[in-house]
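Residue-level structural notes
Each chain, written out:
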Amino acid sequence: MPPPADILKVAIEWPGAFPKLMEIDQKKPLSAIIKEAQMAQQLYERVQSTSLDVKLDGLKELANSSRDVTFAQEFINLDGITLLTQMVESVMLYFTSSSLPRPSILRCLMDHGIVSWDTFSVAFIKKIASFVCKSSMDSAVLQRSLAILESMVLNSQDLYQKVAQEITIGQLMPHLQGTDQDIQTYTIAVINALFLKAPEEKRQVLTHIFLIMSSLNVIRSTKPINEEMAHQLYMLQVLTFNLLEDRMMTKMDPQDQAQRDIIFELRRIAFDVECDSNNSGSIDKRKSMYTRDYKKLGFINHVNPAVDFTQIPPGMLALDNMLYFARHHQDSYIRIVLENSSREDKHECPFGRSSIELTKMLCEILKVGELPSENCHDFHPMFFTHDRSFVEFFCICIQLLNKTWKEMRATSEDFNKVMQVVREQITRALTAKPNSLDQFKSRLQNLSYTEILKIRQSERMNQEDFQSRPILELREKIQPEIMELIKQQRLNRLCEGTCFRKISSRRRQGRFWYCRLSPNHKVLHYGDLEESPQGEVPHDSLQDKLPVADIKAVVTGKDCPHMKEKGALKQNKEVLELAFSILYESDEYLNFIAPDKHEYCVWTDGLNALLGKEMTSEFTRSDLDTLLNMEMKLRLLDLENIQIPEAPPPIPKEPSNYDFVYDCN
C-alpha cells in the first residue's frame, strides 16, 4: 500500500480511487498511475466528440496508449471496449480512418487479458466479417479485421463457431491471390486459427482446399517471403502433417476384413492375380501361394502380414502409403516388387519392411505429431504444391531407397545401414528447400550413395587423428583455458545486456524490458522500455537493481514460477524451453523469457558462471568443441603428415653410474 500522504493525494486528485488502491502496480510510481487514469478519462471523452478532427486525434492517441496495461485497465473500466465496438457496428469511424496506426486498438486492449473475448456480440463479428468479405477494401482496415478475427478464433471456442458461420475459406482465398504480403500473412494466420479450432473431419476438407490454392500466389511468388509469413506457412505445414498422427498411431486389426483387403489389393496389383473366389485348388495350396507372394512383397510375417502393421508408429499410415504407391505409381511399384523377388533372398530389398521403416523415418524427419514451435520459420515449399504431398513424398523416397540398396549392393544384414544413408540423402535434399516435388527428386539424383560417401569423407578430413591418446591428453590440458575464455565471453555478453519481451500468452505482444550486468560483475540492472532499443541501454536509464550476491539460484523451464502461473505458456513448448528465473532473497523471482535459444544459453551460462557453477548449455558444448578443434589444429600445424604414435617413446635405462661431468671451460 502507498504511504498515508500519497493516499490523501490520490483522494484529492483521483476521486473514487480507494477501491483501486489494492490493484496499484508497486513497480510504477503513484503519480504515473494517476496520470494514466486521467489520460484514459480524457481520451474516453474525446473519442465521443462530435468533432471529426477531435475524434480522429483521440483515436490516434488511444492507439499509442493502449499498449500500456495501466492505461488499458482504466480505459476498460470506463467501458471503453463497448464504446469502440459500438463505433465499429454503427459509424465505422474507428476502422475506416486509414491515418490510424496499423495495429488494432481493440486487439491491443484485449491482449492484456483484462476482459474476455467472449464479450463481443454477434453484430460486431458480422461487421468485422463483412470488411473481410468485401472485394475492395482499404488494406489497413482489412489487416486489422483479419487480426481481430484471428484473435477471436484462438481465444474462444464459442467465437470460433460464430466466425466459422460468417467466413468461409473461399471468401478468404481472394486475399491470397493479391500482391500484398502482409494481407496474405494475416489471411493465412486466420486460416491456421480456423484449422486449429476445427473438428477433425472439417480439418481434412480445409487442407485439401487450401494447400493448392495457397501455392498459386504465395509460394510461387518471386518476392522474398518475410519472417511472419514463413512462420504462418510453417504453422500450416505442421498442422497439416499432424493430421497424419491418428493413422500413424492406429494399429492394424488382423481380424478386420476391410483392412486385410488392402493387403490382398497389394498382392493383386503386384502379381496380377484374381481374387480368392476365382482361385482353384485346396486351402493349403492357396495358403502356400499367399505365403510365397507375401514373402516376395517383403513382409516380415509371410503367413499373416497384417501383424507387420501392429507396430506404432507408423501403424496404418504405412499401409496407406503402400496402397497409394501401388495404385498411383503402378509401374514403379510392380517393377520394384518383381525386381527384388527375382534376386537372391539375402540381396532382395524387402518392399513391405522398407515401406514400414521408411514411413516411420519420414514421420520423424517431418516431426509428425509434435507441437509447433512459436518462433520457427522452417517450412518446405514443395509440400504446398500437391494436395497429397506426404504420400507423394513417400513415393519418391521408396524409389530412392530401392536405388540406394542396389548402389550399396546391400544384403538383409545391411538394412539399417541403408536406412541411415537414405535418411541422410533425404535430409540433405530437404536442406536445399526445393520448390516442388520434381526439384526434390532432381536433388536426390545428385545425392547418390557415392556422393554421400564423398561428402562424409570431406567432413571427416580434419577429424581422423583426433582420437589418439596423445591428442586426447593435449585436449584435456587445454580445455580449462578454453572454458575460461567461454566464461569471459558469456559475462561480456551479460554486460552488453539483452532486450526481453514482457511475459504474455500472445506472441505478438509489443512491450519490452532490458537487463544487463554491471562492468564489475556485481549488480544486475533492469527496467521497462517503451519500445525495442536500437543498441545498448545505459545503466543509469534502468531503474531497478539486483546485487549478484543476493542471487540464491537460477531455475529453468517448468520449474520457473511464471511457467506455473501462466497456463497457456505452460502448454507452449517453445516458450517453456526459453524460460528461466533468478531466485533472490527468500521467495522473490526475476522472470525471463529469452528471445531465442542463443540468448537463453548465453544468459543461463553467464548466471551460472557468476554463481560459480558449471556452464552446461548446448551452446557451451558447441563452442567448446569448435574452439578446442581450432586450437588443436593450430598447435598441430607443424605435425601435418607426421604419424603421431599411440604411445610415448620408451624412457632409456639408467646409466650404470653417474661418474661423468661436462666441463664448460
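Definitions and cut-offs
Residues numbered from 1 in each chain as written. Predicted model: local features only at pLDDT ≥ 70, side-chain atom pairs only at ≥ 80, totals over all residues. Heavy atoms only, no water. Buried < 20%, exposed > 50% of the residue type's maximum accessible area, 1.4 Å probe, protein only. Helix = DSSP H or I, 4+ residues; strand = E, 2+ residues; numbered from the N terminus. Pairing = 2+ DSSP bridges. Axes fitted to C-alpha atoms, helices over the stretch in contact; angles between N-to-C directions. Parallel < 35°, antiparallel > 145°, perpendicular 65-115°, else oblique. Left-handed = near helix turned anticlockwise from the far one by under 90°. Contact = heavy atoms within 4.5 Å.

A word on the pairing of strand E3 (residues 523-529). Of all seven residues in E3, five are buried, a share of seventy percent or more. Pairing of strand E2 (residues 512-517) with E3 involves six bridges; the strand directions are antiparallel. Pairing of Arg516 across the sheet is with His525, part of E3. Linkage of E2 to E3, two consecutive antiparallel strands, is achieved through a turn of five residues, within which His521 is found at a positive phi near 65°. When E3 meets strand E4 (residues 544-547), the two strands line up antiparallel, connected through four bridges. Residue pairing in the sheet places Leu524 in a bridge with Leu546 of E4.

The subject of this paragraph is the packing of helix H22 (residues 415-431) against helix H23 (residues 437-445). Contact pair H22 / H23: the axes reach a minimum separation of 9 Å and the direction vectors enclose 125°. Considering their axes alone, H22 and H23 lie oblique with respect to each other. Our pair here, H22 against H23, has a crossing hand that is right-handed. On the side of H22, the interface is formed by Gln425, Ile426, Arg428, Ala429 and Leu430, while H23 contributes Phe440, Arg443 and Leu444.

The strand order across the open sheet formed by three strands is E5-E6-E7, and the pairing between neighbours is antiparallel. Edge positions in the sheet fall to strand E5 (551-556) and strand E7 (588-593), since each has one partner strand and no second. Averaged over all adjacent pairs, the angle separating strand axes in this sheet is 20°, with direction ignored.

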